[in-house]
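# Results of the structural survey
Okay, here's what each chain looks like letter by letter:
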Amino acid sequence: MSIFPRISMKPEVTEYLRSVFLNKEAVAAVGHQEAELHFQRLLLCLSHPPSHTCVRASTHLAPLEEIRHELREELKKQQARSSSAEEIQIVPHPRVEDVLLLPVDGPRPVTQLSSEVVVGAQCGSAVLRGAHVFHPGITASPKYMKIGDAVSVFSDLEGRCTRGAFSFQGNKVFVGNGVAEMDRSRIFATDEPPRGVGVRMVEPLYQSPSFDGVLPSLVFLQNLPSVVAGHVLGPRPGERILDMCAAPGGKTCHIAALMEDQGEVVALDRIRNKIERIRQNAQMLHLKSVKAYCFNSVQAVSDDPSQETEGPPFPPESFDRVLLDAPCSGLGRRPNMSCTWSLKEICSYPPLQRKLFHAAVQLLKKGGVLVYSTCTVTLAENEEQVAWALKTFPDLTLQPQEPHIGAEGMLGAGLSAEQLRLLQRFRPELSWEQTDATAPVACRADGDTIGFFIAKFLKN
Ligand code: SAM
């Protein structure tokens, strides 16, 4: 079935997730065997990349067809450099007007070499999505590795490899072959740390283009469900919109682009050094309507509503729309070969999400739209939060989503069938083994995504 292992997790986390997927309501609806199969498929597909690379095109700057053409030309140049002759497919998504999809080829049969470079799990995941190995990701390399040496790259699943090691015998997974672009001595130099690519991937296990430096103002790498979340929010030119947990700003910039850069998108994030990323992204995409602030969004509602300032905190009912793309356990991210978190860490998110939700509802104008989203698969952070919100805030109602290309909400939180139909849950485990190579590209891309959840509310 697969040359890759399932995602590795602490047994307590695996058991918890199993209890989510085999909850009473789900088992009663689909049967024990089917629910178990969904869970097992989830564990397997999480460690693999989605079947397509998704890029959001800056349609506020140029028409989609023009961007598609320019992207094809850029990627052809990249291919010429790597002497690859395969034709690059770039397909517009039929329902999401600013999305281009590029099929990912893999896992491909690649023969392992005797020289090994070990990289951190995050770097390994990036390689599986088409990146080269940037030098900070490297933790071990052969003792005499020189520029031009052919090496096999392994991802250290548990973060156990000591930086500067010559080899590593721990839990690791092969992600492809590459050529060293730096000597070992330079990679681990302490006096003047190097910058840039340490190993250029030439035979990755999963082949997809590298987007590093490719048309930076015109294409933005973003998972399909994240782009869908921006559309579901439905921003319009001239509105004032709050993105409460915004860094690095992928959705913030999408919102500003959908507003044709007219109006104001306030982007908040609690981590100071992430704010610069939001600003850089906005600048790169030529978006002036984004205002980014370092702020704890739990405290974003002003105690003194009469005192209006440009930045946070804000008086109640200040925004036409609010996006709460909440901090979450991230168990839907792909590829993710290893989750080292404890159950306590996984379960620490719902209380914070509820505090943020309280602030979101207060900051939203009457008649305004609130979108709540996460990139995780638990009920506690998704459907159970919706059930809680509907009980806690009687003025909120669930709204239909456009586009709705994911599945409906998952059973298990006591929501009605009608409420579940209004929710959008991207469930890669439902499509994975059924992936039909002859199905249209967009169909396959719609199912085989990261795990993601979207709920849309109207404040009455
Ligand atoms: N929306 C982002 C995007 O699409 O690029 C991704 C957001 S990520 C899921 C969640 C973010 O919430 C993190 O950047 C984290 O720093 C931020 N965060 C966590 N707690 C927060 C808080 N109390 N106030 C504001 N931001 C917070």
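What counts and what doesn't
Residues numbered from 1 in each chain as written. Predicted model: local features only at pLDDT ≥ 70, side-chain atom pairs only at ≥ 80, totals over all residues. Heavy atoms only, no water. Domains from an automatic or database assignment. Contact = heavy atoms within 4.5 Å. Buried area = accessible area lost by both parts, 1.4 Å probe. Salt bridge = Lys/Arg side-chain N within 4 Å of Asp/Glu carboxyl O. Polar contact = N/O pair within 3.5 Å; in protein donor to acceptor, adjacent residues only side chain to side chain. Near = heavy atom within 4 Å. Areas by Shrake-Rupley, 256 points an atom, 1.4 Å probe, with all protein chains shown as cover. Nonpolar A, V, L, I, M, F, W, Y, C, P; charged D, E, K, R; others polar. Axes fitted to C-alpha atoms, helices over the stretch in contact; angles between N-to-C directions. Helix = DSSP H or I, 4+ residues; strand = E, 2+ residues; numbered from the N terminus. Parallel < 35°, antiparallel > 145°, perpendicular 65-115°, else oblique. Left-handed = near helix turned anticlockwise from the far one by under 90°.

## Digging into the domain arrangement of the chain
Domain assignment breaks the chain into domain 1 (52–103), domain 2 (116–204) and domain 3 (223–459). Computed from C-alpha atoms alone, the centre-to-centre distance between domain 1 and domain 3 is 26 Å. Each side of the interface is counted separately: domain 1 has 16 residues, and domain 3 has 22 residues. Each partner contributes to the roughly 1500 Å² buried at the junction of domain 1 and domain 3, and carbon and sulfur atoms together form 67% of this total. Summed over the shared surface of domain 1 and domain 3, the number is one salt bridge. For R95, the salt bridge identified is with E402, shortest N-O distance 3.9 Å. The tally of links from domain 1 across to domain 3 stands at five residue pairs in polar contact (both at pLDDT 80 or more).

## A few points about the site of the ligand
Within the structure, the ligand sits among 19 residues, and K251, D269, N296, S297 and D325 are positioned closest to it. In the environment of the ligand, an oxygen atom lies 3.5 Å from a nitrogen or oxygen atom belonging to the backbone of P248. For the ligand, the protein covers 88% of the area, taking 600 Å² as the surface of the free molecule. Classifying every residue of the shell around the ligand gives 10 nonpolar, four polar and five charged.

## A word on the packing of helix α11 (residues 349–363) against helix α12 (residues 383–392)
Viewed as axis vectors pointing N to C, α11 and α12 meet at an angle of 40 degrees, and their least axial separation amounts to 11 Å. If you check the angle between α11 and α12, you find them oblique. In terms of crossing hand, the pair formed by α11 and α12 is right-handed. Where α11 abuts α12, its residues P350, Q353, R354, F357 and H358 lie against E384, Q385, W388, A389 and T392.

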